[in-house]
Amino acid sequence: MSTNPKINDLEYRLAFYKANSGSRHRDTVDIRHRLAHSYRAIKQFDKAIDLFQENIECSNQTLGRSHQLTLQRKSSLANCLYAAGRYLEAIPMFENILKDRITYLGQNNPDTLRTQGSLANCYRVIGDLQKSLSVHKDTFRARKKILGSKNNRTLASKNNVDLTSAMIKRSY
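Worth saying up front: this structure is predicted, and the values here are computed from it rather than measured. (Residues numbered from 1 in each chain as written. Predicted model: local features only at pLDDT ≥ 70, side-chain atom pairs only at ≥ 80, totals over all residues. Heavy atoms only, no water.)

A. Looking closely at the overall build of the protein chain. Counting its secondary structure elements, the protein chain contains 8 helices and 0 strands. When its helices and strands are written in sequence order, the protein chain yields α-α-α-α-α-α-α-α. If one aligns the C-alpha atoms of the protein chain with their principal axes, the spans along those axes are about 55 × 35 × 30 Å. Counting the 172 residues in the protein chain, one finds 40% classified as buried. Of the contacts formed within the protein chain by residues at least 6 apart in sequence, a portion of 48% connects residues at least 24 apart. (Helix = DSSP H or I, 4+ residues; strand = E, 2+ residues; numbered from the N terminus. Buried < 20%, exposed > 50% of the residue type's maximum accessible area, 1.4 Å probe, protein only. Contact = heavy atoms within 4.5 Å.)

B. Representation of the environment of Ser157 within the structure. Within the fold, Ser157 resides in helix H8 (residues 152–170). Residue Ser157 is classed as buried on the basis of its relative accessible area, which comes to 2%. Sequence separation between Ser157 and Lys137 is 20 residues; the distance between their C-alpha atoms is 7.8 Å. Dropping the residues within four chain positions of it, Ser157 is found in contact with Thr139, Phe140 and Arg143. Reaching out from Ser157, the side chain makes a polar contact with the side chain of Arg143 at a distance of 2.9 Å. (Polar contact = N/O pair within 3.5 Å; in protein donor to acceptor, adjacent residues only side chain to side chain.)

C. Broad picture of unusual backbone geometry. Look at Lys43: it is not a glycine, yet its phi comes out positive at around 65°. Mapped onto the secondary structure, Lys43 falls in the loop between helix H2 (26–41) and helix H3 (45–62). Assessed through its relative accessible area of 62%, Lys43 is described here as exposed.

D. How the structure looks around the pattern of salt bridges. Under the criterion given, the structure shown has 9 salt bridges. Arg86 serves as the salt-bridge partner of Asp46, at 3.3 Å between the closest nitrogen and oxygen. Here Asp46, found in helix H3, pairs with Arg86, found in the loop between helix H4 (68–83) and helix H5 (87–105); they are 40 residues apart in sequence, far enough to count as distant. You can call Asp46 exposed: its relative accessible area is 53%. Salt-bridge contacts for Lys158 lead to Asp162; the nearest nitrogen and oxygen are separated by 2.8 Å. (Salt bridge = Lys/Arg side-chain N within 4 Å of Asp/Glu carboxyl O.)

E. Geometry of the packing of aromatic side chains. Considering all chains together, one arrives at 2 aromatic pairs under this definition. With centroids separated by 5.5 Å and ring planes inclined at 90°, the aromatic side chains of Phe16 and Tyr17 adopt a geometry described as edge-to-face. For Phe16, a relative accessible area of 42% puts it in the partly exposed group. Tyr17 sits in the partly exposed class, given a relative accessible area of 23%. When the ring of Tyr82 is compared with that of Tyr87, the centres are 5.3 Å apart and the planes differ by 70°; the resulting orientation is edge-to-face. (Phe/Tyr/Trp six-rings, centres within 6.5 Å; stacked < 30°, edge-to-face > 60°.)

F. A look at H4. In a regular helix each residue adds 1.5 Å, so 16 residues correspond to 22 Å; H4 covers 22 Å between its end C-alpha atoms and thus fits that length. Turning to H4, its buried residues are Thr70, Leu71, Arg73, Lys74, Ser75, Ser76, Leu77, Ala78, Cys80 and Leu81. Residues of H4 that are buried in the fold lie against H2, H3 and H5. Downstream of H4 by a residue or two, Gly85 has a phi angle that is positive, lying close to 80°. (Expected span 1.5 Å × (residues − 1).)

G. Up close: the side chain of Asn121. Mapping Asn121 onto the fold places it in helix H6 (residues 110–125). Residue classification places Asn121 among the buried residues on the basis of a relative accessible area of 18%. Polar side-chain contacts of Asn121 include one of 3.1 Å to the side chain of His136. Filtering out sequence-adjacent residues up to four positions away, Asn121 remains in contact with Tyr82, His136 and Asn160.

Here you go:
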C-alpha cells in the first residue's frame, strides 16, 4: 500500500471496478490510466509502464490500434519511457505513433506535431543531433504555419531548433 492517499484511492477504485465491471470496462481503463500517471508523477516508472501497457492491450482489442484513444495511450507509455530514461524503447514507439497519427489524424494535427517534437527530443538525448534538428525544424515550420509565430508551442519548437543547432555547433 502506498503512502500517497491519491494513489491509495485509485488503487482501491481500480480493484473495485475490475471486480465489478471487468478489466476492459471504460471506467476501469480510465482509472488505470490515471493511476499510471500518478505513479509516473512520483517516478515509480515500472508500475506506471505496466499499467499503461495493460491499457494499450485493452484499447487495441476494444477500440482498434488506430483509434485516437489507443494512440493517446501509446503516447502516454512512450512519454513515460522517455521520463524513465528508456530512450531506446521510447523512440520506436514514438516513430510508430507518429506514422499512425499522420495516417489517421493528418500531418498538421496538434497531437501529430506533439509526437513529432517528442521524437525529436529523443533523438537529441541519444546524440542523434542531425536527425533531431531535422525533425525539430519540420515541427517548427508546421507550427509556425498553423499556429503563428507567437504561439507558445511554436516558440517552444523554435527553442528546440536553436538548442539542437547550438549542440551541433559545440560538437564540432
